[in-house]
Amino acid sequence: MIHPRHLFEEHGQEQVFRYFDDLSPDRQDELTRQASAIDLDEIDHLVETLVKHSPGSDPSSAQIEPAEYIPYASKEQDFLSWQRARTAGEQAIRKGRVAAFTVAGGQGTRLGFSGPKGTFPISPVREKSLFQIFAEKLIACSQRYQCNIPWFIMTSEENHEETYDFFSDHAWFGLQAENVNLFSQGTLPAVDREGKILLADKHRIALSPDGHGGSLRALVRSGATQKMQAKGIDILSCFQVDNPLVKCIDPDFIGFHLDEVSQLSSKTIVKNSPDEKVGVFCQKDNNTCVVEYSDLPQQLQHQLDSSGALRFRSGSIAVHLFDRKLIEQLGGNACDGSLPFHVANKKVTALDQKGQLSEIDAVKFEMFIFDALPFAKNPLVLETLRESEFSPVKNAQGKDSPESSRRDQQRQFARWFRAAGMDLPCDAKGTPEIKIEISPQFADSKEAFVEAWKSLSPPPVLEDGLVLEL
Ligand code: UTP
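(A) Spotlight on the overall build of the protein. In terms of regular secondary structure, the protein is built from 15 helices and 19 strands. Since a compact globule built from 470 residues should have a radius of gyration of about 23 Å, the 24 Å found for the protein is in line with a globular shape. For the C-alpha atoms alone, the extent of the protein along its principal axes is close to 75 × 55 × 45 Å. Counting the 470 residues in the protein, one finds 53% classified as buried. Sequence separation of 24 or more characterises 73% of the internal contacts of the protein that already satisfy a separation of 6 or more. Surface exposure of the protein reaches about 22,400 Å², of which carbon and sulfur atoms provide 46%. Separation of charge centres in the protein, based on 51 positive and 68 negative side chains, amounts to 3 Å.

(B) Examining the environment of Asn378 more closely. Within the secondary structure layout, Asn378 lies in the loop between strand S16 (357–366) and strand S17 (380–383). When its relative accessible area of 39% is taken as the criterion, Asn378 is described as partly exposed. For the pair Asn378 and Val261, spaced 117 residues apart in the sequence, the C-alpha separation amounts to 6.6 Å. Within the structure, Asn378 has its side chain in polar contact with the backbone oxygen of Val261 (distance 2.9 Å).

(C) Spatial organisation of the sheet that holds S16. Read across the sheet, three strands follow the order S6-S16-S15 without closing on themselves; strand pairing throughout is antiparallel. The open sheet has two edge strands with one neighbour each: strand S6 (191–192) and strand S15 (342–351). Relative to S16, S6 is paired through two bridges, and the arrangement is antiparallel. Counted as the bridge partner of Asp192 is Ala362 from S16. Most of the contacts of helix H3 (residues 40–52) go to S16, to which it runs at about 100°, and overall it touches S6, S15 and S16.

(D) Focus on the site of the ligand. Not every one of the 17 residues close to the ligand is listed here, only the nearest: Val103, Gln107, Thr109, Arg110 and Gln185. In the model, an oxygen atom of the ligand is placed 2.8 Å from a nitrogen or oxygen of the Arg110 main chain. With the chains in place, 86% of the 560 Å² that the ligand exposes on its own is no longer accessible. Here the residues of the shell around the ligand are counted per class, giving five nonpolar, nine polar and three charged.

(E) Quick peek at the nonpolar core. Counting 55 residues, the largest nonpolar core has Phe101, Leu236, Phe322 and Phe365 as the members making the most contacts within it. Ranked by residues supplied to this core, first place goes to H3 with six residues. Ignoring sequence-local partners within four residues, the contact set of Phe365 consists of Leu46, Val47, Leu50, Val51, Leu188, Pro189, Val191, Pro209, Asp210, Phe341, His342 and Val343. Membership of the second largest hydrophobic core comes to 48 residues, among which are Phe120, Ile122, Phe173 and Leu321.

(F) Here's a closer look at the layout of surface pockets. Taken as a whole, the second largest pocket spans an internal volume of roughly 920 Å³. If you trace the second largest pocket, you find 44 residues lining it, with Lys247, Asp444, Ser445, Lys446 and Glu447 closest to the centre. Of all the elements in the fold, those that place two or more residues in the lining of the second largest pocket are helix H5 (79–94), helix H6 (130–145), helix H10 (251–259), S17, helix H13 (386–389), helix H14 (402–419), strand S18 (436–438) and helix H15 (446–454).

(G) Spotlight on the packing of aromatic side chains. Inspection of every chain in the model, using the stated rule, returns 22 aromatic pairs. A ring pair is formed by Phe101 and Phe183, whose centres lie 6.1 Å apart and whose planes are at 10°; its orientation type is stacked. Linking Phe101 in strand S2 (residues 98–103) with Phe183 in strand S4 (residues 180–184), this pair joins segments that are 82 residues apart in sequence. We note that Phe101, like Phe183, is buried. With a centroid separation of 6.4 Å and 45° between ring planes, the pair formed by Phe131 and Phe166 is classed as tilted. Placement of the pair is Phe131 in helix H6 and Phe166 in helix H7 (residues 160–169), with a sequence separation of 35 residues.

(H) Region of interest: a negative patch on the surface. A cluster of like negative charges, contributed by Asp39, Asp41, Asp44 and Glu48, occupies part of the molecular surface. You can call Glu48 partly exposed: its relative accessible area is 38%.

(I) Fine view of the pairing of strand S13 (residues 287–291). Taken across its five residues, S13 has four buried, putting it largely inside the fold. Relative to S13, strand S12 (residues 280–284) runs antiparallel, the two sharing five bridges. Across the sheet, residue Phe281 finds its bridge partner in S13, namely Val290. Counting the residues between successive antiparallel strands, the hairpin from S12 to S13 contains two residues, one of them, Asp285, with a positive phi of roughly 50°.

Scoring rules and cut-offs
Residues numbered from 1 in each chain as written. Predicted model: local features only at pLDDT ≥ 70, side-chain atom pairs only at ≥ 80, totals over all residues. Heavy atoms only, no water. Helix = DSSP H or I, 4+ residues; strand = E, 2+ residues; numbered from the N terminus. Rg over C-alpha atoms; globule rule 2.2 N^0.38 Å. Buried < 20%, exposed > 50% of the residue type's maximum accessible area, 1.4 Å probe, protein only. Contact = heavy atoms within 4.5 Å. Areas by Shrake-Rupley, 256 points an atom, 1.4 Å probe, with all protein chains shown as cover. Lys, Arg positive; Asp, Glu negative; His and termini not counted. Charge placed at Lys NZ, Arg CZ, Asp CG, Glu CD. Polar contact = N/O pair within 3.5 Å; in protein donor to acceptor, adjacent residues only side chain to side chain. Pairing = 2+ DSSP bridges. Axes fitted to C-alpha atoms, helices over the stretch in contact; angles between N-to-C directions. Near = heavy atom within 4 Å. Nonpolar A, V, L, I, M, F, W, Y, C, P; charged D, E, K, R; others polar. Core = buried A, V, L, I, M, F, W, Y, C linked by side-chain atoms within 4.5 Å. 1 Å grid on protein atoms, 1.4 Å probe; cavity = no way out; pocket = protein on both sides within 12 Å on 5 of 7 lines; lining within 4 Å. Points joined across faces, edges and corners; volume = space filled by probe spheres on them. Phe/Tyr/Trp six-rings, centres within 6.5 Å; stacked < 30°, edge-to-face > 60°. Patch = residues over 30% accessible without salt bridge, like charges linked within 9 Å, V, L, I, M, F, W, Y side chains within 5 Å. Salt bridge = Lys/Arg side-chain N within 4 Å of Asp/Glu carboxyl O.

This is how it looks when you write it as structure tokens:
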């Protein structure tokens, strides 16, 4: 067998083995192992097409139109369709056709939290972690529909062990351990601006996760899709690790997805400003797609329609339903399509020419999960309300921070109380004056809360720190 060193030389990447002869046998093995896992043909292609000849964004080459979506307002106007969708969705969940999937391999740089983001304490009173909130939502759903909902979680090489230990230390948050499937996403080497693979150390290649789009490959490689098939699961409900308001499993959404025989359905909210940093659902060359906020031309970002609303208003909250077959198609080795790569220009700590660790201007390669949309048959976009389903934890402070997310959870709880006939004192924006928390297992929706509240006799005193849980 050819030693990877020779292959790297053939591909013009000999610098990776520059220190090889001075390394201890253990370290030589480590570098060899890492190097063997790299697909050099793929790297050549990425360097050629994305580093040496940057494609740039050329919106003019394709006609961009806003994508159509099912408006939330139709819930009242077209009550029967929504009811039909819910019934179909509930039936699919009951039959065990649905699994949950969280992408949790990100590095969470903006939040600046040292552990895996899913372990971040986010509930307002109990300070439950994001993972615990999702676990409780899944338990509530399994109990309601008397079914098993396997949970797949994609970690990264960097945070896999810590994530596993967190679940294990917390007794899997009441889930059956065999129902929680953790697997790592793939990595790709970072390269410098000339396309040369960087070293994080003399015996280690500078690797980084291959983006949330890497989940399709990882789902196939890890055997998750095979497991799904064996269990008769054909719908994967995907969400990001940072949004505690997410409906992990939504029967309405699943019902529309099935009704449309869609291979990939996505949720949207109306953008709150032209420059909100979310991707936008668009129609390009007759395909539905998400255009990243940085790629949507300014003029389109601000364009208004005849009613005075933003024309490109349909923001992505990264909640999708995937047909298993689409994952198998795009994540496998079949030649009928694979996700494109994007470049991220970032500083990476790596060895410089002198063998010193320094901050190098590097290029990372990432795939985005929403790039699966143009490959999907009958893609569908369904609108939901921001206040009910989207308040991510991205930044340490300000917008999309732990503070704003806790506030949005509190506002949601206050609305549920109001629906149950209890008016909590709130400020003008609906934030309650006392801290409260409703556990997903007590109620995971307004309707469930109204019912659960009725059953409390006597009802608890509304006071600061009130927690409703089972
Ligand atoms: P973000 O784009 O917010 O990135 O990820 P991030 O890495 O979490 O945070 P920053 O940008 O470093 O501050 C959105 C979702 O995609 C997952 C994240 O875990 C999060 O759920 N993700 C991102 C992956 O699973 N893998 C990746 O390679 C990147």
